[in-house]
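Residue-level structure breakdown
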Amino acid sequence: MTFDAIRANKLRSTLTLLGISVGIFSVISVMTAIKTLESSIESGLNVFGTNTFLITKDPAIQFGRNEKYRNRKNIDLDQYLALKERAKLPILVSGGDETERVRVVRYKDKKTKQAPRVSGGDPGTLRTVNTYIADGRNLTEEDVHLSRSVCIIGADVVDVLFPFEDPLGKVIQLQGINFTVVGITERQGQSFGQSQDNYVFMPVTTFLQRFRGKSYSLGITVESESSELYSETLDEVIGTLRAIRKVPPGEENDFEITTNDELMETFGSFTGSIKIFAFSISVIALIVAGIGIMNIMLVSVTERIKEIGIRKAIGATRRHILFQFLTESVFLCQIGGIIGVVFGIAAGNIISLVAKVPAVIPIDWAIYGVITVSYTHLTLPTK
């Protein structure tokens, strides 16, 4: 009887389904998009290895410019080398820097179409960013000490400059300067919609001489032996670097310490604000959809007064009639809810295709959306 009643009033049923679907779609699509964005951020920000932290002159994430940070002394090569020598607890102290993208990298008649990142580091840098050598060798301490013109290139650079030959031992040009390729890194894929394989990596000393000059500030990545020694290692490194940079006792550090947890917390607060705003918009959409559904159900009850009277005349009680309307409402809610959830998840996960992260299914928000709209839909028939 429920199915027959819905089929007999196709326009009314379609409008009701549309109201339910749109209401749920608005919630699910927005929350799916936000969860996908969070997943992308987490994978993209998880750039440090296990039990590591980064030391920089400025905060890794800051909004606007702050005179306090700009007036700090740069972290130079001598300070990095002194920290590497004095700190005893870390199993790795790695220094590096990154410049703007070099417009063109050439090899014979071939050149890169997209400007690759150019950075400098030492033998431990690849480990700190969870990247490994796929072919060739890593940088050595001699490469850094002697400022050799050697480099390691990412998979994107290999694809463009060396599609049909082995790049190892070949000489490429960066801004007219020759560098010998000694290694190729494993393909990393994309993060935040950007390729992580379009780069050229060289000894930090060579990088500073060729691209930076005297105006630079290094980033230093430190890795502790274990999670148990993480706090102790952090304290030792901070104390050692304060002594190296001659920070007076009682004054705050003139450098920043950044961990994965801090990055996640910073972006968590940012996405939390987005969630509140998106939730407010979704609630408005749900209210509008609910009002539309209630009006349609009111028309449905009004149109069927004669049918209700006939049923009462042959013995139907108020409970029987209420049960019939509720059954129709539940059926419409389930169908409309499924449609809204499916299309909402599909629309929200468009970000996952762009950012190359796994799709997200917000089960909690799907349940919340269906219950909210269903409750609104069932309110009028019950009354």
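Described in the following lines is the structure provided in the data block. (Residues numbered from 1 in each chain as written. Predicted model: local features only at pLDDT ≥ 70, side-chain atom pairs only at ≥ 80, totals over all residues. Heavy atoms only, no water.)

Side note on the side chain of Ser-21
Inspection of the secondary structure assignment puts Ser-21 in helix α2 (residues 10-45). Other than its neighbours up to four places away in sequence, Ser-21 contacts Gly-336, Ile-339 and Gly-340. (Helix = DSSP H or I, 4+ residues; strand = E, 2+ residues; numbered from the N terminus. Contact = heavy atoms within 4.5 Å.)

Side note on the pattern of salt bridges
All chains considered together, the criterion is met by eleven salt bridges. Across the pair Arg-245 and Asp-254 runs a salt bridge, and its minimum N-O distance is 2.9 Å. Here the two residues Arg-245 and Asp-254 agree in accessibility, since each one is buried. By sharing partners, the salt bridges in this structure join Arg-137, Glu-142, Asp-143 and Arg-148 into a single network. (Salt bridge = Lys/Arg side-chain N within 4 Å of Asp/Glu carboxyl O. Buried < 20%, exposed > 50% of the residue type's maximum accessible area, 1.4 Å probe, protein only.)

Remarks on the packing of aromatic side chains
Tallied over the full model, the rule gives four aromatic pairs. A ring pair is formed by Phe-179 and Phe-211, whose centres lie 6.4 Å apart and whose planes are at 20°; its orientation type is stacked. Pair noted here: Phe-179 is in strand β9 (residues 177-185) and Phe-211 is in helix α8 (residues 204-212), with a separation of 32 residues, a long-range link. Within the aromatic cluster, the residues linked to one another by ring pairs are Phe-179, Phe-207 and Phe-211. (Phe/Tyr/Trp six-rings, centres within 6.5 Å; stacked < 30°, edge-to-face > 60°.)

Points about the nonpolar core
Looking at soluble globular proteins, one finds that nonpolar side chains tend to be buried together. By size, the foremost hydrophobic cluster in this structure holds 43 residues, and its most contacted members are Ile-55, Ile-153, Ile-172, Leu-174 and Met-202. Not counting the four nearest positions on each side in its chain, Met-202 is found in contact with Val-118, Ser-119, Gly-120, Gly-121, Leu-139, Val-150, Cys-151, Leu-174, Phe-179, Phe-207 and Phe-211. With 14 residues, the next largest nonpolar core counts Ile-20, Ala-278, Val-341 and Ala-366 among its residues. (Core = buried A, V, L, I, M, F, W, Y, C linked by side-chain atoms within 4.5 Å.)

Things to note about the environment of Ala-82
Within the fold, Ala-82 resides in helix α4 (residues 77-86). A relative accessible area of 17% places Ala-82 in the buried class. When the C-alpha positions of Ala-82 and Ile-244 are compared, they lie 7.4 Å apart, and in sequence the two are 162 residues distant.

Points about unusual backbone geometry
Even without being glycine, Lys-108 reaches a positive phi, approximately 55°. Checked against the element boundaries, Lys-108 lands in the loop between β3 (105-107) and β4 (110-111). Of note in this structure, Lys-246 is not a glycine but carries a positive phi near 60°. For Lys-246, the location among the structural elements is in the loop between α9 (230-244) and β14 (256-258). Owing to a relative accessible area of 71%, Lys-246 belongs among the exposed residues under this scheme.

Here we look at the packing of helix α11 (residues 305-313) against helix α12 (residues 318-348)
At a minimum axis distance of 10 Å, the contact between α11 and α12 shows a crossing angle of 140°. The orientation of α11 relative to α12 falls into the category oblique. Crossing of α11 against α12: the hand is right-handed. Each of Glu-307, Ile-308, Arg-311 and Lys-312 in α11 lies in contact with α12, whose residues at this interface are Ile-321, Gln-324 and Phe-325. (Axes fitted to C-alpha atoms, helices over the stretch in contact; angles between N-to-C directions. Parallel < 35°, antiparallel > 145°, perpendicular 65-115°, else oblique. Left-handed = near helix turned anticlockwise from the far one by under 90°.)

Here's the deal with a nonpolar patch on the surface
The grouping of Phe-3, Phe-25, Phe-331, Ile-335, Ile-338, Ile-339, Val-342 and Phe-343 at the surface amounts to a nonpolar patch, some 730 Å² of accessible area in total. Looking at the secondary structure, you find Ile-335 in helix α12. By relative accessible area, which is 33% here, Ile-335 ends up partly exposed. (Patch = residues over 30% accessible without salt bridge, like charges linked within 9 Å, V, L, I, M, F, W, Y side chains within 5 Å. Areas by Shrake-Rupley, 256 points an atom, 1.4 Å probe, with all protein chains shown as cover.)

Notes on the pairing of strand β13 (residues 219-223)
Burial of β13 is extensive: five of the five residues sit out of reach of the surface. Neither face of β13 is left uncovered, since the one carrying Gly-219, Thr-221 and Glu-223 and the one carrying Ile-220 and Val-222 both have all their residues buried. In this structure, strand β2 (residues 92-98) lies alongside β13, joined through five bridges in antiparallel fashion. From the neighbouring strand, Ser-94 faces β13, where its bridge partner is Thr-221. (Pairing = 2+ DSSP bridges.)

Structural notes on the packing of α4 against α9
Their axes nearest at 10 Å, the elements α4 and α9 cross at an angle of 135°. With respect to α9, the element α4 is oriented oblique. Relative to α9, α4 is oriented so that their crossing is right-handed. Residues Gln-79, Ala-82, Leu-83 and Arg-86 of α4 form the contact with α9, whose own contacting residues are Val-237, Thr-240, Leu-241 and Ile-244. Partitioning the contact of α4 with α9 into residue classes produces five nonpolar, two polar and one charged. (Nonpolar A, V, L, I, M, F, W, Y, C, P; charged D, E, K, R; others polar.)

Here's the deal with the pairing of strand β8 (residues 171-174)
Judged by which residues are buried, β8 turns out to be one-sided: Ile-172 and Leu-174 face inward and are buried, whereas Val-171 and Gln-173, on the alternate face, are not. The sheet contact formed by β8 and β9 spans four bridges and is antiparallel. By the bridge assignment for β9, Gln-173 is matched with Asn-178. Between β8 and β9, which pair antiparallel in sequence order, lie two residues; one of them, Gln-175, sits at a positive phi of approximately 50°.

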